[in-house]
Amino acid sequence: MAFEDLQTKKTELIRKMTSASLFIAASTVTLPTTLTTGASADLTALPSGYVDVGLVTKDDGYAIGRETETAETTSHGFVDPTRRDILSVANTIGFTAQETSMKTLEMYRQVDLSASTGTAVTGEVAFSEPLAPVTRYYRAYLIGRDGIGTGAIYIATLYPRAMISEFGEQTWNDENEITYPFTLTATPDTTAGYAVRHLYGGPGWRSLLVSMGWPALA
């Protein structure tokens, strides 16, 4: 048998997220349950309370990380570890927001601005950072799209209880925009029953189900 006859390679299964948005909400709002709906597999409307973080830097986009910590067991007579156990998994989304908005300021400064308003006449907004570190939790819903129209494929990652574990530094100069670099880390939501949920859908996804290995729809 020729080697080529053993291989199965499908270029149509290569995905690229040509457009994406990260939606943030308070940890108390309703969680999305489905990514798509209806016979045309259209996107499901978001529950009330989700806000698009907006523009992010082009080169970085959204960096989705998965870091594991393992413990190894070694045995006499074996060069390689004879057992490896995963002790922890850290799921992260890294991005650099470019828009200065109430949401990005809330996240970067770890404050609640929901009750704040602009000062009468001037519109000035001022707030103080907390004296002690505060851990705030959010719903984080990242949705990406590959293709358009009947070929659209949507891939989403949902953190029901995310915290900001890292804040990158800002640079104020005459060459670059002010940015807000973040790393979101997933933590378990005991009510939802998970820390990370992955969703795949869209009309393009449905048409490729069999090619990807799933059985045909009834």
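Values in this document were obtained by computation on a predicted structure and should not be read as measured data.

(A) Layout of the packing of aromatic side chains. Tallying each qualifying case throughout the model produces eight aromatic pairs. Taking 5.5 Å as the distance between ring centres and 80° as the angle between the ring planes, the aromatic pair formed by Y108 and Y180 counts as edge-to-face. Here the residue Y108 occupies a position in helix 2 (residues 102-109), and Y180 occupies one in strand 9 (residues 180-186), the gap between them amounting to 72 residues. By the burial criterion, Y108 is buried, and Y180 matches it. Ring centres of W205 and W214 lie 5.7 Å apart, and the angle between their planes is 55°; on these two criteria the pair is classed as tilted.

(B) Expanded view of the layout of surface pockets. Space inside the largest pocket adds up to approximately 250 Å³. Taken together, 14 residues form the lining of the largest pocket, with M17, S19, A20, Y62 and G144 sitting closest to its centre. Elements represented by at least two residues in the lining of the largest pocket include exactly strand 1 (19-26), strand 7 (137-146) and strand 8 (153-167). Split into classes, the residues belonging to the lining of the largest pocket amount to nine nonpolar, five polar and no charged. The calculated volume of the second largest pocket comes to roughly 220 Å³. Taken together, the elements giving at least two residues each to the lining of the second largest pocket come down to strand 1, helix 2 and strand 7. Here the element with the most residues in the lining of the second largest pocket is helix 2; it accounts for three residues. For the lining of the second largest pocket, the class distribution of residues is six nonpolar, two polar and four charged.

(C) Region of the structure containing unusual backbone geometry. At A41, a residue that is not glycine, the phi angle is positive and equals roughly 55°. Mapped onto the fold, A41 is located in the loop between strand 2 (36-37) and strand 3 (42-43). Residue classification places A41 among the buried positions, given a relative accessible area of 7%.

Here is what the cut-offs are and how they apply
Residues numbered from 1 in each chain as written. Predicted model: local features only at pLDDT ≥ 70, side-chain atom pairs only at ≥ 80, totals over all residues. Heavy atoms only, no water. Phe/Tyr/Trp six-rings, centres within 6.5 Å; stacked < 30°, edge-to-face > 60°. Helix = DSSP H or I, 4+ residues; strand = E, 2+ residues; numbered from the N terminus. Buried < 20%, exposed > 50% of the residue type's maximum accessible area, 1.4 Å probe, protein only. 1 Å grid on protein atoms, 1.4 Å probe; cavity = no way out; pocket = protein on both sides within 12 Å on 5 of 7 lines; lining within 4 Å. Points joined across faces, edges and corners; volume = space filled by probe spheres on them. Nonpolar A, V, L, I, M, F, W, Y, C, P; charged D, E, K, R; others polar.

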